[in-house]
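# An overview of the molecular structure
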Amino acid sequence: MEKRVAVVGAGISGLLACKYTLSKGFRPIVFESTSTIGGVWTKTVETTKLQTPKAFYQFSDFPWPSSVTEDHPNQNQSMKAYLRMRWNLGVCGGGTGEPFSSEGKWKVIVEDKQSLSTETYLVDFVILCIGRFSDVPNIPEFTPNKGPKAFHGTVIHSMEYADMDYESAAKFVTGKQVTVVGSQKFAMDIAMECSNANGIENPCTLLYRTEHWNFPDLLPWGVPLAFLYFNCFSELLVHKPGEGFLLSLLATLLSPLRWAYSKFVETYANKKLGLYKYGMVPKQRFLQDISSCLIAVVPENFYDRVQEGSIILKKSLGNFGFCQEGILVEGEVSPLTTELVILATGFNGEKKLKNVFVSPTFQDYIMGSQEAILPLYRQSSFATVHMVLSNIHFIQALHKWTNSTTSCDWIFREYLKLVHLRDKMQMASRASRRHI
């Protein structure tokens, strides 16, 4: 009997999951909550570009078209539909709290956002490709009476800014004193757009707490960063949880090389961007930031805008809150006067993933143990921990599409083994009943 696979999300990971679902002979059905494919790439600001070279950010069977000549393009032109999809459908969860039907299948309830009607699908396997960087904003917690309601201006999350079209976004910030809270890639992109709209007449303030290693490109002194950190040898340089004596000894002996790699990259960033000049040299080593996925390619001419005064960098040494005039930074007497605050504070990916399920039990299962080194790793998939969650998996693309490609291939190889094992157990059960 043909197996039916539900793919939730039609972003990068969702498209790759569809491809592998078809290649393994399964029947996919894709649920997408918006009216188009592409995931987070459908809601970007105008200045956003790929941070990864396009050669690492393409489908293996659908490369970038020859018309895209930039190595870091700003539009994802290679997104194409692999199959007919269901649009404007939001997954509501597992119904009454019983995620499985009597047939041992997942019960997926979806709501049509246009007609508000619901429909239930029974599927054998679910792949969650909902991503972690959208839909559920991460809003800082504020002390009583110092939240956004105390502010007489406007406070929005970067998600709301990205939802606007380019022209509307430009009009929204033009002529206003804007403060962007955050220091990562999206915060810098928004600050650049505010600088483009207002210049030095109304400079944009970038309020941040921690400096991170940022770069003009991923070619420190002409050497691709992947040669230093994204290969098998680089894994030997770092200590890993649960490693044996030999691996621990090797990582210790190679620690001078690990330090040299970081210093090599850090001197490049300091030289090219002048981080010392702007007080933006991080205290932590580069290895710590890249291990935490906290590095970014700065927008072109970003520090030129800082030098001319259209972008102001302001560090917060503690928490912040709101007052009528603007933002109260901890340790400062005078408030930071502003009219518009854009919170580029990221997203709550864990909450988004848990909300897919109606059952609290399965919400706990999908997140895994908080004491685990990597709570989501394998534990939410196959029978290593929870047999009841053996036919659901969560994947997402990180800096390269090859991550999702590898995940999809692994999913179906393991799932085919699981299906074969389950079929053999069912056959053995039926045979034993016949002999009773």
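The shown structure was predicted, so the numbers you read here are calculated from the model rather than taken from an experiment.

A few words on the overall build of the protein chain. In terms of helices and strands, the protein chain carries 13 helices and 17 strands. Buried residues in the protein chain amount to 44% of all 436 residues. Contacts spanning at least 24 positions in sequence make up 67% of the contacts within the protein chain whose residues lie at least 6 apart.

Time to look at the pattern of salt bridges. If you walk through the whole model with that rule in mind, you get six salt bridges. Lys352 is the partner of Asp135 in a salt bridge, and the nearest nitrogen-oxygen pair spans 3.0 Å. Of this pair, Asp135 sits in the loop between β6 (125-128) and β7 (154-157) while Lys352 is found in helix α11 (residues 349-354), placing the two residues 217 residues apart along the sequence. A salt bridge links Glu332 to Lys314, with the nearest nitrogen and oxygen atoms 2.9 Å apart. With a gap of 18 residues between them, Glu332 in the loop between β14 (326-329) and β15 (336-337) and Lys314 in strand β12 (residues 311-315) connect regions that are remote in the sequence.

A few words on helix α8 (residues 255-273). Its 19 residues place the ends of α8 27 Å apart at the C-alpha level, agreeing with the 27 Å of an ideal helix rising 1.5 Å per residue. Three or more residues of α8 are buried, namely Tyr261, Ser262, Val265, Glu266, Tyr268, Ala269, Asn270 and Leu273. The inward-facing, buried residues of α8 abut β10 (214-215), α5 (225-229), α6 (232-235), α9 (286-291) and α10 (302-308). A positive phi of about 65° marks Gly274, the residue just after α8.

Moving on, we come to the nonpolar core. Residues Tyr229, Phe286, Phe302, Tyr303 and Leu313 are the most contacted members of the largest nonpolar core, which totals 45 residues. Ranked by the residues each element gives to this core, the list is headed by helix α4 (residues 185-198), at six residues. Filtering out sequence-adjacent residues up to four positions away, Tyr229 remains in contact with Ser234, Tyr261, Ser262, Val265, Phe286, Leu287 and Ile290.

It is at 4 Å that the axes of helix α7 (residues 245-253) and α8 come closest, and there the two elements cross at 50°. Taken as axis vectors, α7 and α8 run oblique relative to one another. Residues Ala251, Thr252 and Leu253 of α7 form the contact with α8, whose own contacting residues are Ser255, Pro256 and Arg258. Of the residues belonging to the contact of α7 with α8, the class tally is three nonpolar, two polar and one charged.

Quick notes on the rules
- Once a new chain begins, its residue numbering starts again from 1 and follows that chain's sequence as written.
- Owing to the predicted nature of the model, reporting of local features is limited to residues with pLDDT of at least 70; listing and counting of side-chain atom pairs is limited to 80 or more, with chain, interface and lining totals taken over all residues.
- Side-chain metrics in this entry use all non-hydrogen atoms of the structure; hydrogen atoms and water are not considered.
- Segments assigned H or I by DSSP are reported as helices when at least four residues long, segments assigned E as strands when at least two residues long, and all are numbered from the N terminus.
- Burial classes follow relative accessibility: with a 1.4 Å probe on protein chains only, a residue under 20% of its type's maximum area counts as buried, one over 50% as exposed, and anything between as partly exposed.
- Contacts are assigned to residue pairs with any non-hydrogen atoms lying within 4.5 Å of each other.
- Put simply, a salt bridge is a Lys or Arg side-chain nitrogen that is within 4 Å of an Asp or Glu carboxyl oxygen.
- Helix span, as expected, comes to 1.5 Å for every residue beyond the first.
- We call a set of buried residues a nonpolar core when its members are Ala, Val, Leu, Ile, Met, Phe, Trp, Tyr or Cys and they connect through side-chain atoms within 4.5 Å of each other.
- To get an axis, fit a line to the C-alpha atoms, keeping to the stretch in contact for a helix; angles then go from 0 to 180 degrees between the N-to-C directions.
- Note on terminology: angles under 35 degrees are roughly parallel, angles over 145 are roughly antiparallel, angles of 65 to 115 are roughly perpendicular, and the others are oblique.
- Note on residue categories: nonpolar means Ala, Val, Leu, Ile, Met, Phe, Trp, Tyr, Cys or Pro, charged means Asp, Glu, Lys or Arg, and polar means any other residue, Gly included.

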